[in-house]
Number of protein chains: 2
Amino acid sequence: MSKKLGIGLVGFGTVGTGVWETLNRNFKLISDRSSVQVEIMRIAVRDINKSRPEGAPNDRLTTDWSEVVHDAQVDIVVELIGGTTTAFDIVAASLRAGKPVVTGNKALLAERGKELFALSLEFDTPIHFEAAVAGGIPIIKTMQDSFVGNRIQSMVGIINGTSNYILERMTDAGLAYEEALGEAQQLGYAEADPTLDVNGWDAAHKAILLATLAYGFTIDPEDVYVRGIEMVRGIDIDFAKRLGFVVKLLCVVREHDNGDIEIRTQPSFIPGSHVLSSVNGVFNAVAVQGDAAGESLFYGRGAGKDPTASSVVADIVEAALGLGHEGGHRGFLPYQKGGKLMCIEDTETPYYVRFDVNDEPGVIAKIAHALADAGIGISGTHSPVNPDNPDADFVDMVFQLHTCRFGLLKETLKKIEQLGCVNSRPVVFRIENL
Amino acid sequence: MSKKLGIGLVGFGTVGTGVWETLNRNFKLISDRSSVQVEIMRIAVRDINKSRPEGAPNDRLTTDWSEVVHDAQVDIVVELIGGTTTAFDIVAASLRAGKPVVTGNKALLAERGKELFALSLEFDTPIHFEAAVAGGIPIIKTMQDSFVGNRIQSMVGIINGTSNYILERMTDAGLAYEEALGEAQQLGYAEADPTLDVNGWDAAHKAILLATLAYGFTIDPEDVYVRGIEMVRGIDIDFAKRLGFVVKLLCVVREHDNGDIEIRTQPSFIPGSHVLSSVNGVFNAVAVQGDAAGESLFYGRGAGKDPTASSVVADIVEAALGLGHEGGHRGFLPYQKGGKLMCIEDTETPYYVRFDVNDEPGVIAKIAHALADAGIGISGTHSPVNPDNPDADFVDMVFQLHTCRFGLLKETLKKIEQLGCVNSRPVVFRIENL
């Protein structure tokens, strides 16, 4: 009864090595459990002479990915090179060849999912992408299969481990952003080029995929509001602590009553009492609210060789089990032509706003007056407990604001900037009602 | 492309009603997502005249379950009556008829899984049981599919909401066991007959299923160590707090290096800093350690109409997608002939032991001496901060003990009982190193 299938790997870096090791280490277990025997038949690499782990199948290496895709012994193609150009060609070629694809490439699917899912439909060949979101946490399968009967009311996730580590170190050790980033790079938690991690886009790509799974349509990244952690400063982390919050890079996806989808990624204040506030280090977590399942939370290792390999291997087995079955594959396909994304200006939360103000009488009154004119309620104002320089001419002043439209807040802050009592652009964090 | 399939429900109580409501409410969503259209064609009930929710398909009711199973319009049978006798007959008859079964019946599968999985194999027809463990949390699919590439090192779960609620109320509100149980019954969290919840067997049945998924063989419940929460007293909860622990009804499943499987259910002390300690109320959580995925945690509503319906509906869709595919179904089948369960006497943890001792000099020395003779280390001794009656002739004395074999502890405690300074059987809790 057991199926024997050949795997082609494109990319043999950290995750690729992890996949190879996991398939070897647990070969018998996997085949006992699934009646599927998979073997890596061909591997495309950039440099064939690079040193590999002991026992690596060096005789199966090639530098030409199309040799992998078109190898007659390869039934399933695993794309692990990242990027959105060559990776696109590899995935497209595999689908055209009727070979199921397993990928962990969130950027590729978030940026070019529309084209690839169309090919997946056309060639009746699935794309599996559990490894693209939250490493070893099976959130894709959960959304696609386990919550198939749920209208998804919201998903809130901490899904970039690098940012989470940096924010944690800034919070717990009082490091400056640059120090914490340097430490993350030294420990291997951040790439040499950490841009996509710290600018929010890695997390945003994942949030786009989660929203696509939940609501059935592909989303143009251009339409998604994304802010990274580069603008987070120690002073705001300290204020957050004082007010009972923790700063986390948060992805928020929410369906509103009118069917509009809110989707945004930014550093936010979350209550220190909420379980997400204790997701530390490189761990990831996604909280899902479904109309039947209620509140759920999925927590685990969001990156790294073995956790990501765990998801790739699960997808390989899923692809293998699906092979040869007529009548429509079981991979994900968008099931809605489109949907309406909420304009970021229309989204509503409470806010934390920090103003750099002239230290003179009447400033608070002026700001409060402008907020009141706009109909924005103030739930509290706070000044630093220990300003660096008590004799300075300007000082940081924090306003905690009640829920209002983000657009209204932005307009109002612009007016306040013109009052002449504010020295730089106000710093805004959303306060998330979790 | 869309498949139309008929569902037969056996049982139309709380969960059955939830399934019916969820399938109706989200019919379009489910069929859009999965290309499966399911309709409940026949429902077996105990009392045909009982009042049902508005719109219920009263014309499809019968009191004869075999009419449901053998109805030509029924492709998939959903068993929701509980118990291990009639439910067994229903599941067996469905499998023999080649109709996939969806069930949330943990007792049935834990007690008689061996027979039913054999029928599932013989008739090439799957049994789906996501709803049997942890309500709306997709832990079955995770273990079976998402972690297929992982050797499962351990699973630690809080998987009985009733017990968890009772222990929480004893902890936070200082209620006595009987008061907390009464409250849980009033709130509908506990059945009129709460036996299986409070004696640990509901949780143990679920742990047996998790172990079967992880290690591939069915387990005789006779071989499993199970203790309930009936013996938990306020004094031990207070001591736990003082020592930095929380008392939880915990299921522990662990594979040891020699391949032996440890499986046990009992109220345990867990560190107040561990995430499982904050799983409160009727929520469930399962922490899984896999050799590839690392540490993961799955949290959500472990019972109730809608969360359980969420899992039943996911299984219905899974069953529907699998129907008509040749070459082996994708439901779970044991893949090992058997395995070795660890004898409970050989399991090792640290312990909390409370002695009711005579309040006289030398008692601690006697007990400490007996423990030392057995080679059991003491990490601390504690007496009550505020004994009820400072002039009493006896007093509670707590020993925190280092890790040792449970069998050795039991023998040693028997010797201590014979010393004449202990007034009743010592109270033992395991301290779990999470």
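Values in this document were obtained by computation on a predicted structure and should not be read as measured data.

## Looking at the overall build of chain A
- What chain A contains, in helices and strands, is 14 helices and 16 strands.
- What you see for chain A is a C-alpha radius of gyration of 24 Å, in line with the 22 Å of a compact globule of 434 residues.
- Projecting the C-alpha coordinates of chain A onto the three principal axes gives extents of approximately 80 × 50 × 35 Å.
- Looking at chain A as a whole, 51% of its 434 residues are labelled buried.
- For chain A, long-range pairs separated by at least 24 residues make up 76% of all intrachain contacts whose partners lie at least 6 apart in sequence.

## A short note on unusual backbone geometry
- Even without being a glycine, Ala 134 of chain A presents a positive backbone phi close to 65 degrees.
- Ala 134 of chain A gets classed as buried once you count the C-beta atoms within 10 Å, which come to 32.

## What to know about the domain arrangement of chain A
- As assigned here, chain A comprises domain 1 (3-135 + 305-322), domain 2 (139-301) and domain 3 (346-431).
- The C-alpha centroid of domain 3 of chain A is placed 51 Å from the C-alpha centroid of domain 1 of chain A.

## Looking at the environment of Gly 188 of chain B
- Tracing the sequence through the fold places Gly 188 of chain B in the loop between helix 8 (177-186) and helix 9 (195-198).
- Note: C-alpha distance between Gly 188 of chain B and Gly 304 of chain B (116 residues apart in sequence) is 9.7 Å.

## Describing helix 12 (residues 305-322) of chain B
Residues and elements named next belong to chain B.
- With 18 residues, helix 12 should cover 26 Å at 1.5 Å per step; its first-to-last C-alpha distance of 26 Å lies within 8% of that length.
- For helix 12, a buried count of 17 out of 18 residues is recorded, marking the element as mostly surrounded by other parts of the structure.
- Once helix 12 finishes, Gly 324 follows within two positions and takes phi at roughly 85 degrees, a positive value.

## Thoughts on the environment of Pro 53 of chain B
Residue and element names in this part refer to chain B.
- Here Pro 53 lies in the loop between strand 2 (36-44) and strand 3 (61-62).
- Classification of Pro 53 as exposed rests on a count of 9 C-beta atoms within 10 Å.
- Placed 36 residues apart in sequence, Pro 53 and Thr 17 show a C-alpha to C-alpha distance of 8.0 Å.

## Points about the environment of Phe 239 of chain B
- Of note, Phe 239 of chain B is situated in helix 11 (residues 234-242).
- If near-sequence neighbours (up to four positions away) are discounted, Phe 239 of chain B is found in contact with Arg 354, His 382 and Val 398 of chain B.

## Thoughts on the sheet that holds strand 1 (residues 3-10) of chain A
- Sheet architecture is open: six strands sit in the order 3-2-1-4-5-6 (chain A), paired in parallel fashion. Two strands close off the open sheet at either side, each with one partner strand: strand 3 (61-62) and strand 6 (127-128) of chain A.

## Overview of the nonpolar core
- Ranked by size, the top nonpolar core spans 275 residues in total, and within it Val 78 and Ile 316 of chain A together with Val 78 and Ile 316 of chain B carry the most contacts.
- Leaving out residues up to four positions away in the same chain, Val 78 of chain B has contacts with Ile 7, Gly 8, Leu 9, Val 10, Val 19, Val 102, Val 312 and Ile 316 of chain B.

## A look at the relation of the copies chain A and chain B
- Note on the copies: chain A fits chain B at an RMSD of 0.0 Å, the axial shift is 0.0 Å, and the rotation between them is 180 degrees. Those values place the two copies in the arrangement expected of a two-fold rotation axis. In terms of C-alpha distance to the rotation axis, chain A has Phe 298 of chain A as its closest residue, with the C-alpha 2.5 Å off the axis.
- An overlap of 100% is found between the interface residues of chain A and their copies at the interface of chain B, pointing to a shared contact surface.

## Some remarks on the packing of helix 6 (residues 139-146) of chain A against helix 10 (residues 201-215) of chain A
All names here are of chain A.
- For the pair helix 6 and helix 10, the least separation of the axes is 9 Å and the interaxial angle reads 15 degrees. Here helix 10 runs roughly parallel to helix 6, going by the angle between their axes. Of the two possible hands of crossing, helix 6 and helix 10 adopt the one that is right-handed. Between helix 6 and helix 10, the contacting residues are Ile 140, Met 143 and Gln 144 on the first element and Leu 210, Leu 213 and Ala 214 on the second.
- By residue class, the composition of the contact of helix 6 with helix 10 is five nonpolar, one polar and no charged.

## Quick notes on the interface of chain A and chain B
- Opposite the 48 residues of chain A that make contact, chain B presents 48 residues.
- Breaking the side of chain A that touches chain B down by element, the ones donating at least two residues are helix 2 (27-34), helix 6, strand 12 (294-301) and helix 12 (305-322) of chain A.
- In terms of residue count, helix 12 of chain A provides more of the side of chain A that touches chain B than any other element does, nine residues in total.
- Residues belonging to the side of chain A that touches chain B are distributed by class as follows: 20 nonpolar, 18 polar and 10 charged.

## Looking at helix 14 (residues 406-417) of chain B
Residue and element names in this part refer to chain B.
- Compared with an ideal rise of 1.5 Å per residue, which puts 12 residues at 16 Å, helix 14 spans 16 Å between its outermost C-alpha atoms and is within 8% of the ideal.
- Every buried residue of helix 14 is listed here: Leu 409, Thr 412, Leu 413 and Ile 416. The buried residues of helix 14 occupy an angular sector of 105 degrees when projected down its axis, which confines them to one face. Turned more than 90 degrees off the buried face of helix 14, the exposed positions are Lys 414 and Lys 415.
- As for helix 14, its buried residues are in contact with strand 13 (348-358), helix 13 (363-374) and strand 15 (394-405).

## Observations concerning the packing of helix 1 (residues 14-25) of chain B against helix 12 of chain B
All names here are of chain B.
- Interhelical geometry of helix 1 versus helix 12 gives an angle of 65 degrees and a closest axis separation of 8 Å. The chirality of how helix 1 crosses helix 12 is right-handed. Residues Thr 14, Val 15, Thr 17, Gly 18, Val 19, Thr 22 and Leu 23 of helix 1 form the contact with helix 12, whose own contacting residues are Lys 305, Asp 306, Thr 308, Ala 309, Ser 310, Val 312 and Val 313.
- Class assignment for the residues of the contact of helix 1 with helix 12 results in six nonpolar, six polar and two charged.

## As for the confidence of the model for chain A
- On average, residues of chain A carry a pLDDT of 95, and 97% of them reach 70 or more.
- In the model output, the complex is listed with pTM 0.96 alongside ipTM 0.95.

## Some thoughts on the sheet that holds strand 2 of chain B
- Here we have six strands laid out as an open sheet, ordered 3-2-1-4-5-6 (chain B), and parallel in their pairing. Two strands bound the open sheet, and with one partner strand each, they are strand 3 and strand 6 (127-128) of chain B.

## Remarks on the pairing of strand 4 (residues 76-79) of chain A
All names here are of chain A.
- Of the two faces of strand 4, the one lined by Ile 76 and Val 78 and the one lined by Val 77 and Glu 79 are each fully buried.
- Alignment of strand 1 against strand 4, held across four bridges, turns out to be parallel. Looking at strand 4, one finds that Gly 8 is bridged to Val 77.
- Pairing of strand 4 with strand 5 (residues 101-103), which is carried by three bridges, proceeds in the parallel orientation. When the sheet's bridge partners are listed, Val 78 is paired in strand 5 with Val 102.
- The handedness of the strand 4 to strand 5 crossover, carried by helix 4 (residues 86-96), is right-handed.

What counts, and where the lines are drawn
Residues numbered from 1 in each chain as written. Chains lettered and ligands numbered in written order. Predicted model: local features only at pLDDT ≥ 70, side-chain atom pairs only at ≥ 80, totals over all residues. Helix = DSSP H or I, 4+ residues; strand = E, 2+ residues; numbered from the N terminus. Rg over C-alpha atoms; globule rule 2.2 N^0.38 Å. Buried ≥ 20, exposed ≤ 12 C-beta atoms within 10 Å, placed from the backbone. Contact = placed C-beta atoms within 7 Å. Domains from an automatic or database assignment. Expected span 1.5 Å × (residues − 1). Pairing = 2+ DSSP bridges. Core = buried A, V, L, I, M, F, W, Y, C linked by C-beta atoms within 7 Å. Least-squares fit on C-alpha atoms with pLDDT ≥ 70 in both. Axes fitted to C-alpha atoms, helices over the stretch in contact; angles between N-to-C directions. Parallel < 35°, antiparallel > 145°, perpendicular 65-115°, else oblique. Left-handed = near helix turned anticlockwise from the far one by under 90°. Nonpolar A, V, L, I, M, F, W, Y, C, P; charged D, E, K, R; others polar. Arc of directions from axis to C-beta. pLDDT = per-residue confidence, 0-100. Right-handed = clockwise from strand over helix to strand, strands pointing away.

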